[in-house]
Amino acid sequence: MRAMKNYPYVITVSSEKGGVGKTTLATNLAIFLKGLDENLPVSIFSFDNHFTIDKMFSIKGQKLNGTVADLLLETRGRDLLHTGQYGVNYIPSSTTLPELRGSLKGPMVLARLLAMSEIPGILIVDTRPDLDVMTQNALYAADRVLVPIKDMASMDNCRNIFELFDKRGLDRKSLSLIPCLIDERIKFEGMFKDQKTLLKAFAINRGFRCSDIFISKSPKVESLNTNPEGKIYPILTHGRGTDVYGQFAALGQTCLNEFYETEEPRAMLYDKWQHEENKRKKEEYFGRLSGLKSQCLVCGKELSQESQVSYYCESSDGAASGYMEADCFTGFLVSTIFKIERQLPPDDPTRQMIHQTALESVFVLNPGIGDEAGSIDFHRFDLSGSELLKKKYPLARAPERDGFSGIMTETLAGYEGELRDAFLMVHPVNGDNPASILVDDKYREVSKLKKRIAAQL
């Protein structure tokens, strides 16, 4: 039994080769599925911009409340469904999709959107004849991928889809070639007597799964797209008596059986994974929060809501972390690094320049080892990890005499007072929300920067 929340079973129709019957396959499969089970919700949308789906399913005078572009902009899929002709739901197409490609960060965006879409039943996704980021998203979100082929050229192109799945570690079992637009009048001598047999043999030889069902080339079916009314007629209602009618009925029944045999569609599995991932991220975030020292790492004063925190500090081994107040760290730079002995008031131009430069930099304090023990390497990097400055300083014994001693002892001291073999990284933070640097995406950037710097030390 399916869970109470609706998760779509997704069928993606994809091919890099144009003219193989991709959209005809997608639209007519949707209608046959609805015809085979009138109680089953069947929906469809397209990432192509030819508007065939709209011409086939839209109802004259129907008020539209969104398009597939809105789906990619985080509108819930269920709210975008329009009840169309033949009982098939559709999400209207959009001319603005090319502008949204850059906003798709990775190939799993659609999987996430469909996991939260609450679209019921079966959802068919029609794609563009290429492997752009939108097509990849449609492939990775699918429970079943149908790849129409009509000749050797289209079979050669489909190799890229299989290689894409192998590269991402996805199961090839969801991919299925289906011979389309097969001219049954063409016969060959020898073992392979017709086009469909030849294509299937070549597919199996290349390790591709190929359906036993095929879709014939039919002048009558082709004429359904060209008529004085300018409409697109479906095979279910206008192609009775043709071989293609029976072939679509068989394909629809096969897809229907797979749908009912799938207890956990990919959207549900993604939703479960996302829930566990969010839980893990939250636990890691609170773990990082709980590991923070409660005092300013420069002056040792207890931090409060009123503290002007501007820097996050973390040891390279992750064993210690904390914050530094803005004035304290600027004072440390003024006195310890730049050796300015006199007190500089807050409005002093030199102090303000040092303060502003620090907010645009990452600093590393690296204790010397071996013959250099008792010294500190002080590095300044830009926010991308390129080194701007390196100086060596002696490490004083008394913290009150040297700012280095207090910071390093507070964060890198071992059980016997000796400094651990680790360095300290100081990174600027948003003073209004210092903890934002510990949130997953931002913290991942900080961790990458720390690794990049470690490789240079």
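Going by an unreviewed UniProt entry, the protein chain carries the name ParA family protein and comes from Geomonas oryzisoli.

Caption draft 1: Region of the structure containing the overall build of the protein chain. Along the backbone of the protein chain there are 16 helices and 13 strands. Against the globule reference of 23 Å for 457 residues, the protein chain gives a C-alpha radius of gyration of 31 Å, more extended than a compact globule. With respect to the three principal axes, the spread of C-alpha positions in the protein chain is 95 × 55 × 40 Å. Within the protein chain, the fraction of its 457 residues that count as buried is 49%.

Caption draft 2: Seen up close, the sheet that holds strand E2 (residues 42–46). Taken in spatial order, the 7 strands make up an open sheet running E3-E4-E2-E5-E1-E6-E7, and their pairing is mixed. Because the sheet does not close on itself, it has two edges, and the strands there are strand E3 (82–83) and strand E7 (175–179). As defined by bridge partners, strand E6 (residues 144–149) adjoins E7 across 5 bridges and the pair is classed as parallel. Considered in E7, the bridge of Ile149 is made with Pro179. Packing against the sheet, helix H1 (residues 22–36) makes contact with strand E1 (9–13), E2, strand E5 (122–126), E6 and E7, and its axis sits at approximately 165° to E5.

Caption draft 3: Inspection of the sheet that holds strand E13 (residues 424–428) at higher detail. Across the sheet, which stays open at both edges, the 6 strands sit in the order E9-E8-E13-E10-E11-E12 with antiparallel pairing between neighbours. Lying at the two open borders of the sheet, with one neighbouring strand each, are strand E9 (321–325) and strand E12 (387–394). Across the sheet, the axes of successive neighbouring strands diverge by a mean angle of 20°, strand direction being ignored. Bridge analysis of strand E8 (residues 309–315) against E9 gives 5 bridges, and the strand direction is antiparallel. When the sheet's bridge partners are listed, Cys313 is paired in E9 with Gly322. Packing against the sheet, helix H13 (residues 326–337) makes contact with E8, E9, strand E10 (362–367), strand E11 (375–381), E12 and E13, and its axis sits at approximately 80° to E9.

Caption draft 4: Structural context of the pattern of salt bridges. Counted by the stated rule, this structure contains 28 salt bridges. Residue Glu118 pairs with Arg78 through a salt bridge whose shortest N-O separation is 3.0 Å. Taken together, the residues span a long stretch of sequence, with Glu118 in the loop between helix H5 (109–115) and E5 and Arg78 in the loop between helix H3 (68–72) and E3 at a distance of 40 residues. Here Asp132 ties to Arg101 by a salt bridge, and the two come within 3.1 Å at their closest N and O atoms. In this pair, Asp132 sits in the loop between E5 and helix H6 (133–140) while Arg101 sits in the loop between helix H4 (97–100) and H5, placing the two residues 31 residues apart along the sequence. Residue Asp132 is classed as buried on the basis of its relative accessible area of 16%. Classification of Arg101 as partly exposed rests on a relative accessible area of 27%.

Caption draft 5: Inspection of the UniProt feature "domain: AAA" (unreviewed entry) in the protein chain at higher detail. Mapped onto the present numbering, the UniProt feature "domain: AAA" (unreviewed entry) falls at residues 10–151. Between the C-alpha atoms that bound residues 10–151 the distance is 26 Å, and the span itself is 32% helix and 17% strand.

Caption draft 6: Region of interest: the nonpolar core. Ranked by size, the top nonpolar core spans 47 residues in total, and within it Phe45, Phe47, Leu72, Leu97, Leu110, Leu139 and Leu177 carry the most contacts. Here Leu110 is in contact with Phe45, Phe47, Leu71, Asn137, Ala138 and Ala141, once residues within four sequence places are set aside. Among the nonpolar cores identified, the runner-up in size contains 37 residues, and Leu29, Leu33, Ile122 and Val244 belong to it.

Caption draft 7: Highlighting the pairing of E7. Burial analysis of E7 places 5 of its 5 residues in the buried class, which makes it a mostly covered element. Regarding the hand of the β-α-β motif, the stretch spanning E6, helix H7 (residues 152–168) and E7 is right-handed.

Caption draft 8: Local environment of H6. With 7 of 8 residues buried, H6 is to be regarded as a mostly interior element. Regarding H6, the residues found buried are Met134, Thr135, Gln136, Asn137, Ala138, Leu139 and Tyr140.

Caption draft 9: Structural context of the packing of aromatic side chains. By the definition in use, this model includes 16 aromatic pairs. Through a chain of ring-to-ring contacts, the aromatic side chains of Tyr311, Phe329, Phe332, Phe363, Phe378 and Tyr393 assemble into a single cluster. The lysine or arginine in question, Arg288, covers the ring of Tyr443, its NZ or CZ lying 4.1 Å from the ring centre.

Caption draft 10: Region of interest: unusual backbone geometry. Unusually for a residue other than glycine, Phe51 sits at a positive phi of about 65°. The exposure class assigned to Phe51 is partly exposed, which follows from its relative accessible area of 26%. With a phi close to 85°, Glu74 is a non-glycine residue in the positive phi region. Within the secondary structure layout, Glu74 lies in the loop between H3 and E3.

Caption draft 11: Quick look at the pairing of E10. Of all 6 residues that make up E10, 6 are buried, and the element is covered over most of its length. Where E10 meets E11, 6 bridges bridge the pair, whose relative direction is antiparallel. Bridge assignment links Val364 to a residue of E11, and that residue is His379. Strand direction decides the pairing type here: E10 and E13, joined by 3 bridges, are antiparallel. Bridged to Val364 within E13 is Met425.

Rules used in this analysis
- Residue indices follow the written sequence of each chain, beginning from 1 at its first position.
- pLDDT decides what is reported in this predicted model: residues at 70 or higher carry local features, side-chain atom pairs at 80 or more are listed and counted, and totals for whole chains, interfaces and linings draw on all residues regardless.
- With hydrogens and water excluded, all non-hydrogen atoms of the structure serve as input to the side-chain values.
- Strands here mean DSSP runs of E at least two residues long; helices mean DSSP runs of H or I at least four residues long; both are numbered from the N terminus.
- With C-alpha atoms as the basis for the radius of gyration, the globule rule is written as 2.2 Å multiplied by the number of residues raised to the power 0.38.
- Each residue gets one of three labels from its accessible area relative to the maximum for its type: buried under 20%, exposed over 50%, partly exposed in between, using a 1.4 Å probe on protein chains only.
- Strands are labelled as partners when DSSP assigns at least two bridges between them.
- Any two residues whose heavy atoms approach within 4.5 Å at even a single point are treated as in contact.
- With axes taken as lines fitted to C-alpha atoms, and helix axes fitted only over the stretch in contact, angles between N-to-C directions fall between 0 and 180 degrees.
- Criterion for a salt bridge: a side-chain nitrogen of Lys or Arg within 4 Å of a carboxyl oxygen of Asp or Glu.
- UniProt positions are given in the numbering used here, feature names are shortened, and annotations may be inferred rather than shown by experiment.
- As used here, the term nonpolar core means buried Ala, Val, Leu, Ile, Met, Phe, Trp, Tyr and Cys residues forming a set that is joined through side-chain atoms within 4.5 Å.
- We call a crossover right-handed when, viewed with the strands running away from us, the connection from the first strand over the helix to the second turns clockwise.
- Note on aromatic contacts: the rings of Phe and Tyr and the six-membered ring of Trp form a pair at centre separations within 6.5 Å, being stacked when their planes are under 30 degrees apart, edge-to-face when over 60 apart, and tilted otherwise.
- Counted as over-ring charges are cases with an Arg CZ or a Lys NZ within 6 Å of the ring centre that also lie within 35 degrees of the ring normal.

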